[in-house]
Amino acid sequence: MLRGCVRKYVWQDSARQLVVRVSNVVSATLEGSQFLNVNQESTLVEKLPHDAKCFTQGLHYDLKSGLLFESCGKYGQSGLRAVELHTGRTVQEHSLPVYVFAEGVTIWNDHIYQLSWKEGKIYIYDVASLELLRTAHMPTHKGRRLEGWGLTHDGEHLILSSGEPALYFLNPETLAIEKVISVQYKNGSELHDINDLQYIGHDRVVANVWGAKFLVLIDLLTGDVLDKLDVSNLYPSLDYDPIVMDVNNCLNGVTWLPNTNQLLITGKHWPNLFVVEVPRAWLPSQS
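Within any chain, residue numbers begin from 1 and follow the written order of that chain's sequence. With the structure being a predicted model, the display of local features is reserved for residues of pLDDT at least 70 and the display and counting of side-chain atom pairs for 80 or more, all residues being used for whole-chain, interface and lining totals. Water and hydrogen atoms play no part in the side-chain values, which are based on all heavy atoms of the structure.

## A word on the overall build of the chain
We apply this condition: Helix and strand assignments follow DSSP, with helices taken as H or I runs no shorter than four residues and strands as E runs no shorter than two, numbered in order from the N terminus. Relative accessibility decides the category of a residue: with a 1.4 Å probe and only protein chains considered, values under 20% of the type maximum give buried, values over 50% give exposed, and everything between is partly exposed. Contacts were defined at the residue level, with two residues in contact if any of their heavy atoms lie within 4.5 Å. Under the convention used here, a 1.4 Å probe and the Shrake-Rupley method define accessible areas, while residue burial counts only the protein chains that appear.
Within the chain, the regular secondary structure consists of one helix and 24 strands. A buried classification covers 54% of the 287 residues belonging to the chain. In the chain, 52% of the contacts between residues at least 6 apart in sequence involve partners at least 24 apart. Counting only carbon and sulfur atoms, one obtains 50% of the accessible surface of the chain, whose full area is about 12200 Å².

## A look at the confidence of the model for the chain
Where we set the bar: A score from 0 to 100, pLDDT tells how confident the predictor is in each residue.
On average, residues of the chain carry a pLDDT of 87, and 84% of them reach 70 or more. Throughout residues 7-31 the model reports pLDDT below 50, and contacts reaching past four residues in sequence, or to other chains, amount to 36 contacts.

## A short note on the pattern of salt bridges
Note the threshold: Take a side-chain nitrogen of Lys or Arg and a carboxyl oxygen of Asp or Glu: if they are within 4 Å of each other, that pair is a salt bridge.
Counted under the stated rule, the structure contains eight salt bridges. The salt bridge partner of Arg81 is Asp51, with a shortest N-O separation of 2.9 Å. In this pair, Arg81 is assigned in strand 6 (residues 79-84) and Asp51 in the loop between strand 3 (44-49) and strand 4 (56-62), connecting sequence segments 30 residues apart. For the pair shown, Arg81 and Asp51 are each scored as buried.

## Brief notes about the pairing of strand 15 (residues 158-161)
Under the convention used in this document: Pairs of strands are assigned from DSSP output, requiring at least two bridges between the strands.
Alternating residues of strand 15 divide into Leu158 and Leu160 and Ile159 and Ser161, and every residue in both groups is buried. The pairing of strand 14 (residues 150-153) with strand 15 spans four bridges and is antiparallel. Across the sheet, the residue bridging to His153 is Leu158, located in strand 15. In this antiparallel pair of consecutive strands, strand 14 and strand 15, the connection spans four residues, and Gly155 shows a positive phi of 90 degrees.

## Focus on the sheet that holds strand 4
So the rule is basically this: In this description, a line fitted to the C-alpha atoms serves as the axis of each element, helices being fitted only across the stretch in contact, and the angle between N-to-C directions of two axes falls anywhere from 0 to 180 degrees.
Strands sit in the order 4-5-6-7 across an open sheet of four strands; the sheet is antiparallel. Every other strand in the sheet has two partners, leaving strand 4 and strand 7 (90-95) as the edge strands with one partner each. Taken pair by pair, the neighbouring strands of this sheet meet at an average axis angle of 15 degrees, ignoring direction. In this structure, strand 6 lies alongside strand 7, joined through five bridges in antiparallel fashion. Directly across from Val83, in strand 7, lies its bridge partner Thr90.

## A word on the side chain of Asn272
Worth spelling out the cut-off: Side-chain atoms alone can form a polar contact between residues adjacent in sequence; in general such a contact is a pair of N or O atoms within 3.5 Å, and within protein one must be able to donate a hydrogen while the other accepts it.
Among the structural elements, Asn272 can be located in strand 24 (residues 272-277). A polar side-chain atom of Asn272 sits 3.4 Å from the main-chain carbonyl oxygen of Leu48. Once you skip the residues sitting within four places of it in the chain, Asn272 turns out to touch Lys47, Leu48, Pro49, His50, Ser237, Leu238, Asp239 and Thr266.

## Some words on the sheet that holds strand 22 (residues 251-257)
Taken in spatial order, the four strands line up as 3-24-23-22 in an open sheet, and their pairing is antiparallel. Looking at the sheet topology across the chains shown, the edges are occupied by strand 3 and strand 22. Averaged over all neighbouring strand pairs, the angle between strand axes comes to 25 degrees, with direction disregarded. For strand 22 and strand 23 (residues 262-267), the ladder comprises five bridges, and the chain directions are antiparallel. Looking across to strand 23, one finds that Thr255 is bridged to Leu264.

Rendered as structure tokens:
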């Protein structure tokens, strides 16, 4: 099984009916008045090559090395790679066991942290060599071990998404949960399926939403979704027709390009990376 972008179906025995969960696609049509900007589309800055063999689950651009670190998923294909940004060439790679499905990735103090989906593991590497330094356990919450989806950090905590309408703040040394926030739209609707994450400062995180063609901006102080950015206008720029894309090859992977006010985004098995402008209203000092 792979975690692609198809709808989830849940059988409810009590009601004896099939319930279709489409919460995030429906959320995209909520009234625009609750957002900072209405009907906001992404502004493309640059299109770059990307290795379409990677089922992208997480991105982190490292300013120090100038390399893009990418987590590739799927069972039997998962691993971590260091990539030249402008050529798409993989310069280093570490493969994971066939029973591991890799997920989000971030860099903290010259260590790379990489999540697994359901395997309950966090892999910690040396950023210079991609040497695996240790394997830690995913934290538990309310007696249940979390799934790994997206990962970023705010300079104090690792911030983890687990597919739920919540974000978890972890101690980077112990990986213990130190804070949890619920995530919701301003009308109270929960935001499910929060996927890859990128902290952009000002107590704000940009997030992919599983199966959606938009990014969201989340306030880490309140848990509110402040805004959304429609990136569906990028799909026609892909180097092949998105109509023939496999249903599982959806938008996923977002990282910050420091000192540029730009984001780098891609998708699962996409042949391109896209550099897009961060909306000015997302950065309070510039709004």
